[in-house]
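Secondary and tertiary structure notes
Here is what each chain is made of, one letter per residue.
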Amino acid sequence: MRPPQRLALLLSILISGLATAVVGHAQTEPREDVFVYATTVFDGLAYSSAMTPPDVDTIYMIADRQNIIAPRRTMIYYWPITNRYLADWALLNEVVDGELEIYQGSELARSVPLTDYVIQYDGANPLETLNIGIGEEALRMRAAFDELFEAYRQALFEYYDAEQAYRAALDEIISNSEPGTVDPEDLPVRPEPVGDFSLQSTEPNKAYPVSLPEGRYEILMRDSNGIVVPDSRRELVVFARLQSGIAYSIVPQSRWTQPEDSVFPEGVVYVEPGATLYLQPSRESLFNELYYTRMLDPQDQTAREDRTRWVLHDPFPNTRLRVTGFDGTVREVSLKGYFVQQTAGSGLGYEVLEFNPESMDRSSFEGFAVQLDGQNPFYRVELLDEAGRLLLGSRREIRILNTDRGAQVYALGLLPLVIGAVVAAVRRRQIRQVDTRTAG
Amino acid sequence: MTPARPWLRHWRDRWHAANSIQRRASQSAFFGWGIYLAMTVSLLIAAISVNNTLNFTEQNVLFVSRQPIFLPILINTIITSVYLAMVSTLAVSSERDQGTLETLLQGPVDGFAFILGNFMAQIKVYAALALVAFVWSNVLTYLLHLRYSIGVAVVLVVSLAAVSVVIAFGMFVAMWGGRSRTALIYFTLITLLVVGIQLADQIVVGVVISQNPSVNDPLVTVRNVLGVANGIVKWISPYSQLDLAMNAQVDRAYPAFFTHIGVMLGQAVVFLLGSVWLLERKGVRD
């Protein structure tokens, strides 16, 4: 082969290789038009959404809470990176119109028509403000939200106008006066800033709202002609929480990014002497592991029905921590922000400082600081509400563990041998006495 | 003085015979070194677990636990119960091997008294070991500054029920297996199978959780099969029942607590009656 021909061959191989590479990058997983159930379910704190593809036969939701089931036609594809079927909602997203039928055994328990719904909550305290509107109520709630938002927007405009006017007036006074001659009384009053708008709302959507008591059901969709929609039969497991309480995420000062959770009421936290802990309380609920996990991720393969799972919700608002030492000292600690500052030098290290808004951007974390001194071998911590009442389930014991006594633990393991030696000695003595008596 | 009714006299004689066997077997255990060595080994293994907790706390700064002493107690119960069950299996089957069982049953001892006597002997030995374990756990609590809990004493009492199942099962296998060696092999294999399923289940669950498996992942199938097997085994294995009873005690779930105790006691009775039945059915010779 002559050099120009060889060059041409090389070029063609390179080009075809590049083309393949380009094709490889552009490759997408094949889509399939299917019937799925999209769910918006109460997760113990707020609402979470999930998609149940055709090969998942059971839907899970919490009992006696308003949940949303939205049967849809969409395009799904398998995503090998997460081992999940995903929906391409942008390509196809059609709500299936008709009636959602819920059966308990062979009895039709409920037939739900397609309805409007709106979910609203205050971002500052989602659990206590969460609200879901159904039908006409949904439209009213959304209209009220729009009105409030419009009023907020108007207030914001007015504030910016007032702020602008204030600055202009201030500039004018400063430019027309000699330094140090302005009477503070003559200064304009600065306008009050408008607070954040923390109310959140969804747009009115159409779906099938469902609130059911605990139990096992079967659901299916019937279209407007009364015909059962293919692939729409699913099991529906409605479950209740098993227990609720107050959890603490405990941040040790020396490992602030790796908190440990104390989820069991009346639990014990064992610590090294001299440690400083930051306690972050939150509401918690105990659920069946399989039911809760599959509710949020219908394609999960790890959860098991014979296990339970504590779920930590939102941080507890407006509380103080009462710390009682072994010596009877009682102190109340309030929630504070803390800032983690890296130490200078090439080695790793940091220090935790109390957050100061004037010199620091934002706090790294918040918590109740508990300094464990050498005077007290154990502490009792419990949460108090705004009125100073003890919050049930918030009590924990913090004990200083004697971690340096490992050798003594091993020595203690020899206790049975000591007892055995004593028994053997007594036995030998008894035998000797019998022998002496027999000889005598 | 009116003579006792025949059935009452019969049971009194039986009890007397069982008690004599119990005294002889338990004394033999107390005056030997076996139980002291077995318990020392189990407490040293439990000490490894305790030390692991101490090292963890030292490096991790904190350790959150409801009752850190339950695991060492469970370890101690498993090791001592397996030892005692093996001893009772050997004791019972070797009586048959050596022909002494035949001689014994010619006298005032019947199969029921023989089984009951041997069973009570091992329970008495375990009760003494549980007392040592109670002292050990209290000294440990003081030494490490753990929270004192009456639950530890309760769990040690409940462990008697678990141990009674293992010992009764050992005797059942002795009657079923015939010769000492065969009985011991049966006992070891069945114990390993039951404990193995539970251990494998725990390990596979951990591996599955650390991955992001798909529906068709073979590990998920293995996990599901083991899960079903473990679902059955947990009602058969006295160790699982003891563990569940421990958790129920901490959770103050008293109906579940007494259910697990009831299951263990029921199993022990079934194995004991089964042993008597096998002895009568198979006879005193190989």
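Refer to the structure printed above.
Residues numbered from 1 in each chain as written. Chains lettered and ligands numbered in written order. Predicted model: local features only at pLDDT ≥ 70, side-chain atom pairs only at ≥ 80, totals over all residues.

Summing up its helical and strand segments, chain A has six helices and 25 strands in all. Rg of the C-alpha trace for chain A: 34 Å, well past the compact-globule value of 22 Å for 440 residues, more than 25% over. C-alpha atoms of chain A, sized along the principal axes, occupy 110 × 85 × 80 Å. In chain A, which comprises 440 residues, the proportion classed as buried is 23%. Intrachain contacts of chain A at a sequence separation of at least 6 include 64% that bridge at least 24 residues. (Helix = DSSP H or I, 4+ residues; strand = E, 2+ residues; numbered from the N terminus. Rg over C-alpha atoms; globule rule 2.2 N^0.38 Å. Buried ≥ 20, exposed ≤ 12 C-beta atoms within 10 Å, placed from the backbone. Contact = placed C-beta atoms within 7 Å.)

Moving on: the sheet that holds strand S12 (residues 215-222) of chain A. All names here are of chain A. Pairing in this open sheet of five strands is mixed, and the strands run S3-S13-S12-S6-S7 from one edge to the other. For this open sheet the edge positions go to strand S3 (58-62) and strand S7 (107-113), each flanked by a neighbour on one side alone. In this sheet, adjacent strand axes meet at a mean angle of 30° when their direction is disregarded. With six bridges joining them, strand S6 (residues 99-104) and S7 adopt antiparallel strand pairing. (Pairing = 2+ DSSP bridges. Axes fitted to C-alpha atoms, helices over the stretch in contact; angles between N-to-C directions.)

This paragraph deals with the environment of Ala155 of chain A. Within the element layout of this structure, Ala155 of chain A appears in helix H3 (residues 136-175). Along the sequence, Ala155 of chain A and Pro193 of chain A sit 38 residues apart, while their C-alpha atoms lie 9.4 Å from each other.

A word on the nonpolar core. Of all hydrophobic cores here, the largest spans 104 residues; its most connected members are Val271, Leu279 and Val370 of chain A together with Leu62, Ile167, Ala168 and Met171 of chain B. Among the elements that make up this core, the one with the highest residue count is helix H6 (residues 150-177) of chain B (16 residues). Once residues lying within four places of it in the same chain are set aside, the contact partners of Leu62 of chain B are Ile250, Pro252, Glu260, Val269, Tyr270, Val271, Ala275 and Leu277 of chain A together with Thr57 of chain B. By size, the runner-up hydrophobic cluster in this structure holds 39 residues, among which are Ile69, Ile76, Val210 and Val237 of chain A. (Core = buried A, V, L, I, M, F, W, Y, C linked by C-beta atoms within 7 Å.)

The next subject is the packing of helix H5 (residues 111-144) of chain B against H6 of chain B. What describes two packed helices is the angle between their axes and the distance between those same axes. All names here are of chain B. In the contact formed by H5 and H6, the axes pass within 9 Å of each other and the chain directions differ by 150°. For the element pair H5 / H6, the angle class is roughly antiparallel. H5 and H6 meet at a crossing whose hand is right-handed. Across the interface between the two elements, Ile115, Asn118, Phe119, Gln122, Ile123, Tyr126, Ala127, Ala130, Ala133, Phe134 and Ser137 from H5 touch Val152, Ala153, Leu156, Ser159, Leu160, Val163, Ser164, Ile167, Ala168 and Met171 from H6. In terms of residue class, the contact of H5 with H6 is built from 16 nonpolar, five polar and no charged. (Parallel < 35°, antiparallel > 145°, perpendicular 65-115°, else oblique. Left-handed = near helix turned anticlockwise from the far one by under 90°. Nonpolar A, V, L, I, M, F, W, Y, C, P; charged D, E, K, R; others polar.)

Okay, the interface of chain A and chain B next. If you look at the interface, chain A gives 43 residues, while chain B gives 39 residues. Secondary structure elements with two or more residues in the side of chain A that touches chain B: strand S14 (243-252), strand S15 (260-262), strand S16 (268-271), strand S25 (396-400), helix H5 (406-412) and helix H6 (415-439) of chain A. Class assignment for the residues of the side of chain A that touches chain B results in 21 nonpolar, 13 polar and nine charged. Pairing analysis gives four bridges linking S16 of chain A to strand S1 (residues 62-65) of chain B, with the strands arranged antiparallel. If you follow Val269 of chain A over to S1 of chain B, its bridge partner there is Val64 of chain B.

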